[in-house]
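# A look at the structure
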Amino acid sequence: MSGTGATTENQQQAECITQSPAWKALLKHRETIKDRHLRDWFQADPDRSVKLSFQVEGLRVDFSRQRLGLETFRLLQNLAQTAGVAACRDRMFAGAKVNSSEDRRVLHPALRYLGPGAFPSSSLDVMPDIREERARMRSFSDQVRNGKWRGFSGDTIRDVVNIGIGGSVLGPKLVVHALAASRHPRLRFHFVSNPDSASLAPLLDSLDPRTTLFVLASKSFTTRETMLNTASACDWLCAAFKGQRETVLSRHCVAVTACPDYARELGLGDANIFRIWDWVGGRYSLWSAVGITIALAAGMERFEQLLSGAQEMDQHFMQAPLAGNLPVLMALVDIWNTNFLGAQTRTILPYCELLRFLPAFLQQLEMESNGKSVGTLGQCLDYRTSPVIWGQIGPEGQHAFFQLLHQGSWLVPCEIIVSARSNFPLSGHQESLLANCFAQATALAFGRTASEVRMDLESAGYADDEIARLLPHKVLPGNQPSTMLLLPQLDPYHLGLLLAFYEHKTFTQGVIWGVNPFDQWGVEFGKQIAECLQPALRGEVELDGFDQSTAEYIRWYRRYGTS
Ligand code: F6P
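Residues numbered from 1 in each chain as written. Predicted model: local features only at pLDDT ≥ 70, side-chain atom pairs only at ≥ 80, totals over all residues. Heavy atoms only, no water.

### Thoughts on the overall build of the protein chain
Applied cut-off: The secondary structure listing takes helices from DSSP runs of H or I that are at least 4 residues long and strands from runs of E that are at least 2 residues long, numbered from the N terminus. Only the C-alpha atoms count toward the radius of gyration. The rule for a globule is 2.2 Å times the residue count to the power 0.38. Here the term buried applies to any residue with accessible area under 20% of the maximum for its type, exposed to any over 50%, and partly exposed to those in between, with areas from a 1.4 Å probe on protein chains only. In what follows, a contact means two residues having at least one pair of non-hydrogen atoms within 4.5 Å. Residue burial considers only the protein chains on display, and all accessible areas are found by Shrake-Rupley using a 1.4 Å probe.
Looking only at helices and strands, the protein chain has 25 helices and 13 strands in total. For 563 residues, the compact-globule formula gives about 24 Å, and the C-alpha radius of gyration of the protein chain, at 26 Å, lands near that figure. Once the C-alpha set of the protein chain is aligned to its principal axes, its extents read approximately 80 × 60 × 60 Å. Across the 563 residues of the protein chain, 53% fall into the buried class. Counting only contacts in the protein chain whose residues sit at least 6 apart along the sequence, the fraction spanning at least 24 positions is 74%. About 23,800 Å² of surface is accessible on the protein chain, with carbon and sulfur atoms providing 52% of the total.

Shown next as structure tokens:
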């Protein structure tokens, strides 16, 4: 990656990673192992699962069911070295402007820095601001939780509605759901992103304005969807209380933003505005005041445990050599599958209800960060970058798309995440969950051979002609690669460890692919077009400037739509 201040050496690397000896060595290596089945890999090495498993604190990651060996790892590490991963990482942590196209620093690790003193350095210390906002978060969340914070009519808060989209909601939604076991018993949490009124309107119908608090999260405080939902929520509050707008909002709304002026324009006072900064990327922001909903749900102490898990991963990422650096290894395995084995997608399969929103979170984190085909220097890239990320809770996926994973025609690397203990123990449930999880992972890797199917059918008493008819349908080829992520328990600390692990994995891939993982110009363009379309839908402008199909859609809406 080559933001402001990058070395010429790094710039050259970003331009020609596929021409590097490291990349070429991997291509050559692939030819020697591409036909090897996971069964062969395991047969050849009885210690494979130990050798290819790595651990940071409680997070254990097993790569042994990936289609690679120790030599592959060695060559992949050369690639990471060639791309300058360590140097780019150090520059990010030192506060260099690695977000080159937006000319910004990237300092989300500072948000989880819990130590004393300055970060990233005494000459560029962002900690005083962060500590001040943390203290404000603590005071506010404590007041709401202990009932001292009262609504306009003097009632305690019962419902918290987090309005935001993308990075301003996906992290908090994931974490609030994941920490359900420690949620405050009086408080209920709701997340609204979609500007479709079918999202907000029925929710408002079910709420009592006297006991409702809105968290309005938007880094820019201009995102259309969020501003629309915000305006409707404020109107609903003001209509309910008939009080002075500023006073009503001061009891029922807080904003989180890097643009406090816009929040003030809405009628919010400074006491109700939590700050974030331009060096916090939206999809890396849950550790900031964007996580206020997490603090409201689980308490500031648990929020800090989350930060502490993430900080542990930061330290590991900074200090561990590439050969044992977990986020780096994870990134390399994904690159192996994407760029050398030809996988186009990757599926995220949490065998853990509490991680229900992890696939959605990772979709933004990885695809918005690395879904790019232009390098940091503006050059077109002739290789694939982020695969398509998708996924679902494992057991639900089993009864939906796993058939395709087992017997379909696509190579789909699978990521399975599981925790040993349940936070909601019910007799027998955890064993059943884990049995399914481990069974699926085994079937994906090793499949079921024709002779195994034959033996089963014979012992079940099938006649020869029946066996011949059924056998091809029952064979599972296996060799579908998977990575298993094992956690002891889904507590705030391990969740922080896991999410920071994915952030650094994504960053590492951005460096190797030579893209800027911190901008999102493709999405920005969509926002611009929507701006022009809105007056057209309202019939306020002519349709000459639109392409013919868009003009047709607008005519269709003008004919059938209602506002
Ligand atoms: O999807 C584009 C994006 O800019 C994301 O990067 C961001 O997380 C989201 O919109 C919301 O932006 P904001 O926090 O400014 O409302």
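### Remarks on the nonpolar core
Convention followed: Nonpolar cores are built from buried Ala, Val, Leu, Ile, Met, Phe, Trp, Tyr and Cys residues. Side-chain atoms within 4.5 Å join them into one set. Where each domain begins and ends is defined by an automated method or by a domain database.
Grouped together as the largest cluster of nonpolar side chains are 117 residues, with contacts concentrated most on Leu 59, Phe 63, Leu 358, Phe 501 and Tyr 502. The dominant element in this core, judged by the number of residues it contributes, is helix 23 (residues 492–513), at 11 residues. A domain-level breakdown of this core finds at least three residues from each of domain 1 (46–68 + 326–509) and domain 2 (127–306). Apart from residues no more than four positions distant in its own chain, Tyr 502 is found in contact with Met 330, Arg 346, Leu 358, Leu 362, Leu 365, Glu 366, Glu 415, Ile 417 and Leu 485. Grouped together as the second largest cluster of nonpolar side chains are 24 residues, Leu 203, Ala 233, Trp 236 and Ala 255 included.

### Considering the environment of Leu 216
Within the secondary structure, Leu 216 sits in strand 7 (residues 212–217). C-alpha separation for the pair Leu 216 and Asn 229, spaced 13 residues apart in sequence, amounts to 9.1 Å.

### Considering helix 9 (residues 170–178)
By the criterion of burial, helix 9 is predominantly enclosed, with seven of the nine residues buried. By the burial criterion, the buried members of helix 9 are Leu 170, Gly 171, Pro 172, Leu 174, Val 175, Val 176 and Ala 178. As for helix 9, its buried residues are in contact with strand 5 (159–163), strand 6 (188–192), helix 14 (292–298), helix 15 (300–319), helix 17 (358–370) and helix 23.

### A short note on the side chain of Gln 520
Selection rule: For the purposes of these results, a polar contact is taken to be a pair of N or O atoms within 3.5 Å, where, inside protein, one atom must be able to donate a hydrogen and its partner to accept one; residues adjacent in sequence count only when each atom of the pair is a side-chain atom.
Its place among the elements puts Gln 520 in the loop between helix 23 and helix 24 (521–537). According to the relative accessible area criterion, Gln 520 is buried, its value standing at 16%. Within the structure, Gln 520 has its side chain in polar contact with the side chain of Glu 524 (distance 3.1 Å). Not counting chain neighbours up to four residues away, the residues in contact with Gln 520 comprise Glu 102, Arg 283, Glu 368 and Lys 372.

### Digging into the site of the ligand
For the record, the criterion: Each residue is tested against the molecule or strand, and it is near if at least one of its non-hydrogen atoms lies within 4 Å. Three classes are used: nonpolar for Ala, Val, Leu, Ile, Met, Phe, Trp, Tyr, Cys and Pro, charged for Asp, Glu, Lys and Arg, and polar for all others, with Gly counted as polar.
With respect to spatial proximity, 16 residues lie near the ligand, and among them Ser 168, Ser 218, Ser 220, Thr 223 and Glu 368 are the closest. The side chain of Thr 223 places a nitrogen or oxygen atom 2.5 Å from an oxygen atom of the ligand. Measuring from an oxygen atom of the ligand, one finds a side-chain N or O atom of Lys 527 at 3.1 Å. Taken together, the elements giving at least two residues each to the shell around the ligand come down to helix 17 and helix 24. Partitioning the shell around the ligand into residue classes produces two nonpolar, nine polar and five charged. Of the domains in this structure, domain 2 (127–306) and domain 3 (521–560) are the two that each give at least three residues to the shell around the ligand.

### Observations regarding the state of the cysteines
What counts is decided by this rule: Two cysteine sulfur atoms form a disulfide, by the criterion used here, when they sit within 2.5 Å.
Taken as a whole and assessed by the stated rule, the structure comprises zero disulfides. Here Cys 238 is not cross-linked by a disulfide; its sulfur's nearest cysteine counterpart is in Cys 234, at 6.4 Å.

### A short note on the sheet that holds strand 7
Keep this limit in mind: At least two DSSP bridges between two strands are required for those strands to pair. Every angle, taken between N-to-C directions, lies between 0 and 180 degrees, and every axis is a line fitted to C-alpha atoms, over only the stretch in contact when it is a helix.
Strands sit in the order 6-5-7-8-9 across an open sheet of five strands; the sheet is parallel. Whereas interior strands pair on both sides, the edge strands pair on one side only; in this sheet they are strand 6 and strand 9 (273–275). The sheet shows a mean angle of 20° between the axes of neighbouring strands, taken without regard to direction. Both strand 8 (residues 253–257) and strand 9 contribute to a ladder of three bridges, which runs parallel. Bridge pairing in strand 9 places Ala 255 opposite Ile 273.

### What to know about unusual backbone geometry
The omega torsion across Phe 119 and Pro 120 is 0°, close enough to zero to call that bond cis. Looking at the secondary structure, you find Pro 120 in strand 3 (residues 120–121). Of note, Asp 103 is a non-glycine position whose phi angle comes to about 55°, a positive value. In this fold, Asp 103 is placed in the loop between helix 6 (85–93) and helix 7 (108–111). With a phi close to 55°, Lys 242 is a non-glycine residue in the positive phi region. Mapped onto the secondary structure, Lys 242 falls in the loop between helix 11 (224–241) and helix 12 (245–252).

### Structural notes on the sheet that holds strand 10 (residues 345–351)
Judged by pairing direction, the sheet is mixed, and its six strands sit side by side in the order 1-2-13-12-10-11 without closing on themselves. The open sheet has two edge strands with one neighbour each: strand 1 (53–56) and strand 11 (388–391). Taking each pair of neighbouring strands and ignoring which way they run, the sheet shows an average axis angle of 20°. Of the strand pairs in this sheet, strand 1 and strand 2 (residues 59–62) are connected by four bridges, and their pairing is antiparallel. Bridged to Ser 53 within strand 2 is Asp 62. In this fold helix 16 (residues 326–340) packs onto strand 1, strand 2, strand 10, strand 12 (414–419) and strand 13 (482–487), with an angle of close to 140° to the strand it touches most, strand 1. Against the sheet, helix 17 makes contact with strand 10, strand 11 and strand 12, and its axis sits at roughly 175° relative to strand 11, the strand it touches most.

### What about the pattern of salt bridges?
The condition that has to hold: The salt bridge definition used is simple: a Lys or Arg side-chain nitrogen within 4 Å of an Asp or Glu carboxyl oxygen.
Applying the stated criterion across every chain yields a total of 33 salt bridges. Note that Asp 208 and Arg 210 form a salt bridge whose closest N and O atoms lie 2.8 Å from each other. Two residues, Lys 505 and Asp 334, come together in a salt bridge whose shortest N-O distance is 2.9 Å. You can see Lys 505 sitting in helix 23 and its partner Asp 334 sitting in helix 16, a full 171 residues away along the chain. We classify Lys 505 as buried; its relative accessible area is 0%.

### Side note on the packing of helix 24 against helix 25 (residues 548–560)
Stated formally: An angle below 35 degrees is treated as roughly parallel, one above 145 as roughly antiparallel, one from 65 to 115 as roughly perpendicular, and anything else as oblique. Throughout, a crossing is termed right-handed when the near helix is turned clockwise from the far one, and left-handed when it is turned anticlockwise from it by less than a right angle.
Orientation of helix 24 relative to helix 25, taken along the N-to-C sense of each, is 40°, at an axis distance of 10 Å. Here helix 25 runs oblique to helix 24, going by the angle between their axes. The two elements helix 24 and helix 25 cross, and the hand of that crossing is right-handed. Between helix 24 and helix 25, the contacting residues are Leu 533, Ala 536 and Leu 537 on the first element and Thr 550, Ile 554, Tyr 557 and Arg 558 on the second.

### Some words on the packing of helix 2 (residues 21–33) against helix 16
At a minimum axis distance of 11 Å, the contact between helix 2 and helix 16 shows a crossing angle of 75°. As summarised for this structure, helix 2 and helix 16 are arranged roughly perpendicular, according to the angle between their axes. In this structure, helix 2 contributes Trp 23, Leu 26, Leu 27, His 29, Arg 30 and Ile 33 to the contact, and helix 16 contributes Trp 336, Asn 339 and Phe 340. Of the residues belonging to the contact of helix 2 with helix 16, the class tally is six nonpolar, two polar and one charged.

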